[in-house]
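Residue-level listing of the chains:
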Amino acid sequence: MRDVSELVTRFPRERTWLLPALEEVQRAERWLSPESLDIVATHLRVPRSEVWGVASHYPELRLTRPGRRLVRVCTGVSCRVNGGRELLAGCAQRLGVAAGTTAADGSVTLEEMDCAFACAVAPVVEVDHGCRGRVAPGDLDRILSSGGASHAPSPAAAVQAPPPAVAGTPAERLAALRREAERRRRPVTRLTVGIGSCSLAVGAGDTFEALVAEVERRKLPDTVVAVGCNGMCWAAPVVEVVREGQPRLITPQVTASGVGSFLDALAREKIPAIGDEGLGRQRRVLLERCGLTDPGDIADALRHGGYATFARVLGERGPERVIEEVRAAGLTGRGGAYFQTAVKWAACRAATGAPKYLVVNGEEGEPGIFKDRHLMEGDPHRLLEAVLLAAYAAGASRGIIYVHGEAELSAERLSTALAQARQWGLVGPRILGSDFSLELELRRGAGGFVLGEETALLESLEGRRAMPRTRPPFPVESGLFGKPTVINNVETLCAVPPIVERGGAWFASLGGGGGTKLFGLSGHVKRPGIVELELGTTLRALIDEVGGGSSTGRPIRAVVLGGPSGSIVHPRQLDEPLVPRGAVNPGTGGVVVLDEGASVKDAVRTLLAFNTRESCGKCTPCREGTARLLTLLDDRRADVGRVKALSEVIQAASLCGLGQAAPLAALSGLAEFPGEFGLS
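Every value quoted in this text rests on a predicted model; they were computed, and no experiment measured them.

A. Just helix α6 (residues 84-95), in detail. If you check α6, its first and last C-alpha atoms are 16 Å apart, about what twelve residues at 1.5 Å a residue would give, namely 16 Å. By the burial criterion, the buried members of α6 are Gly84, Leu87, Leu88, Gly90 and Cys91. One side of α6 holds all its buried residues, which, seen down the axis, span an arc of 165°. Of the surrounding secondary structure, the elements contacted by the buried residues of α6 are β1 (69-74), α5 (77-80), β3 (108-113), β4 (125-127) and α7 (140-146). Positioned one or two residues after α6, Gly96 has a phi angle of 70°, which is positive.

Rendered as structure tokens:
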């Protein structure tokens, strides 16, 4: 176990490093053996029983050795309705092993996944951590023999020489950085390939490599750039032609084998570009740079206005002005709770105690929700600028970005962006020559739906099981390590730079005062992906005008809105405005469309079973109540009254918002589709 000991000794001997140490060992060993747990416990000086308690709590940590190959099939709602269960059965037949087991010879393990978070290219099969999307039964032999999808290309500009230091105000120093970024620009046609989690699963990495090779072979002057996904996951792999001063030309579904034909068409100026499908109805504020800038190049971010708002704030406005703009914008949390963002920041700033922390919740562990990953993958420098603005406003000097353990591309691009921001003097001590400093680090989670609850996230960062704390005190008073802490999710923060740049009143003028909201479209819809619309829009506009309507041609039977904490929406409510706490609450923004051939009961059971498995176990109403509720749904002797009564207890008595929302899908499904459940 010498290798494990060497891995663990890299970590400071503090409990906060328990989860990172366990993850590091698992990456090396593929699982956590009892001997490895003992080594971690000894080094970090944490009792062995508590190390085991943490290791057994997080879904992504493995306490049994997996097979030499690991095959996982997504059976979340989006994948289920597109054939995920049939693919699971097909894998079991071909591999000769049942789901949830390992072959006797240790050759392969087959598992179900709650969600692969590539819902827009469902159904998804993962082989040795490489995802394949849009999988048909006839693809299984090839996928199981060849492995997973290709990985994202390494950023060409990951390591850059920092520009020479200059004196002056923050705005003058940023202007010097911008000039340096412009100096590094190549004034040629850019052929951009949208690369995100969804597009990688359908071959975008192969398209990028083929396009680079073919451009080089033809000795073309064009530059091939791997950018983030523009949200049009339905069209992936997408190649876009970007020329200075000319309209963007987007070509859908350019496969590796089709690269030569694409370049031939480009030479004749007759490429098959698409128009405003899926984009024209949107109000893209947070997404405006996704698919346009290179997420691995800070110079490209600067050329497109990155960090300019923060520099102006440092030189011209105090922290209170930032808070007031966010207050005037009416910005509320986009993680589902919709709490006033400015109230958190002001309370943290006024609280006593130092250092103060800003924590970014990028865990996003809800099946059917993939918007935050899209932002982190597509525009990491926007998130970093947002973190700087929020920390400056709240008085925080330390920040942590907490990213889901399986969101590899998000973590890679944020890590690169953070390293570049440090190189260019935009993170660290005395940023842009000001008195403001921020220590910022990236941490990885290990799964757990409960991490959407902010105090459970703090427990995780402190090296404990992710369980909600009782409140008060609130995190802004006593949060991480007992210090004042602001916790915001990724989408919330990414709205801050445009708000501060254009003014709170501008943002409040959108969406009837609510601003914009990101939605993840999937299920039975023609154009799945990530879209941004003003709050107050309707599901009908979202599904029909942006999503292109039903993908099967059959009428829409229901919509799963907001993931496991959301509701089942009947078609008669499709014209209701999407308003927080309204008749149709957008929640976290997940939208899974079900046609008339889908089973509403099966969707409800899938969501409730997930909530049951993911209960942290701290409070009895959630731990026992969700399991009992799931049993009642399958008990034909039960009646609707018993289901409602138990749901009311779970909602009223659960400790955190996740437990309180766990029965919502069951209650709304029963109310709107009682005949499907067969209860009296």
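Read on, since the account is not over.
B. Highlighting the sheet that holds β1. Sheet architecture is open: five strands sit in the order β2-β3-β1-β4-β5, paired in mixed fashion. The two strands at the open ends of the sheet, each matched to only one other strand, are β2 (101-102) and β5 (130-132). Sheet analysis places β4 next to β5, joined by three bridges and oriented antiparallel. From the neighbouring strand, Val125 faces β5, where its bridge partner is Arg132.

C. Spatial organisation of the sheet that holds strand β13 (residues 485-489). Here we have four strands laid out as an open sheet, ordered β12-β11-β10-β13, and parallel in their pairing. Strands at the two margins of the open sheet, each flanked by one partner only, are β12 (439-444) and β13. Looking at each pair of strands side by side, their axes are set apart by 20° on average, direction ignored. In the sheet, strand β11 (residues 398-403) pairs with β12 via six bridges, with the strands oriented parallel. Among the inter-strand pairings, Arg398 is bridged to a residue of β12, identified as Glu439. Against the sheet, helix α18 (residues 408-423) touches β11 and β12, its axis set at about 165° to β12.

D. The arrangement of the packing of helix α25 (residues 620-633) against helix α26 (residues 640-653) in detail. Direction vectors running N to C along α25 and α26 enclose 160°, while the axes themselves pass 10 Å from each other. Judged by the angle between their axes, α25 and α26 are roughly antiparallel. Once α25 is placed against α26, the crossing between them reads as left-handed. Counted together, Pro621, Gly625, Thr626, Arg628, Leu629 and Leu632 of α25 and Arg642, Val643, Leu646, Ser647, Val649, Ile650 and Ala653 of α26 form the full contact between these two elements. By residue class, the composition of the contact of α25 with α26 is eight nonpolar, three polar and two charged.

E. The pattern of salt bridges, seen in detail. Enumeration over the complete set of coordinates arrives at 54 salt bridges. Between Glu320 and Arg349 there is a salt bridge whose closest N-O contact spans 3.6 Å. Here Glu320 is found in helix α14 (residues 319-329), whereas its partner Arg349 is found in helix α15 (residues 341-350), with 29 residues between them in sequence. Exposure remark for Glu320: the relative accessible area of 47% places this residue in the partly exposed category. Taken together, the salt bridges that share partners define one network made up of Glu288, Arg289, Asp379, Arg382 and Arg502.

Conventions and cut-offs
Note that residues are indexed from 1 along each chain, following the sequence as it is written. Residue-level local features of this predicted model are given only where pLDDT is at least 70; pairs of side-chain atoms are given and counted only at 80 or more, and the full residue set underlies all totals for whole chains, interfaces and linings. No hydrogens and no water enter the side-chain calculation; it runs on all heavy atoms of the structure. Only DSSP runs of H or I with at least four residues qualify as helices, and only runs of E with at least two residues qualify as strands; both kinds are numbered from the N terminus onward. One fewer than the residue count of a helix, multiplied by 1.5 Å, yields its expected span. Burial classification: accessible surface area is computed with a 1.4 Å probe over protein chains only, and a residue below 20% of its type maximum counts as buried, one above 50% as exposed, and the rest as partly exposed. Of all possible arcs, the one meant is that of the directions from the helix axis to the C-beta atoms. By definition in these notes, contact holds between two residues if any of their heavy atoms fall within 4.5 Å. Strand pairing requires that DSSP identify at least two bridges connecting the strands. Inter-axis angles, ranging from 0 to 180 degrees, are taken between N-to-C directions of lines fitted to C-alpha atoms, where helices are fitted over the stretch in contact. Relative orientations are named as follows: roughly parallel for angles under 35 degrees, roughly antiparallel for angles over 145 degrees, roughly perpendicular for angles from 65 to 115 degrees, and oblique for any other angle. Each helix crossing is assigned a hand: it is left-handed if the near helix lies turned anticlockwise from the far helix by less than a right angle, otherwise right-handed if that turn is clockwise. Any residue that is not Ala, Val, Leu, Ile, Met, Phe, Trp, Tyr, Cys, Pro, Asp, Glu, Lys or Arg is counted as polar, Gly included; the first ten are nonpolar and the last four charged. What makes a salt bridge here is a side-chain nitrogen of Lys or Arg within 4 Å of a carboxyl oxygen of Asp or Glu, nothing more.

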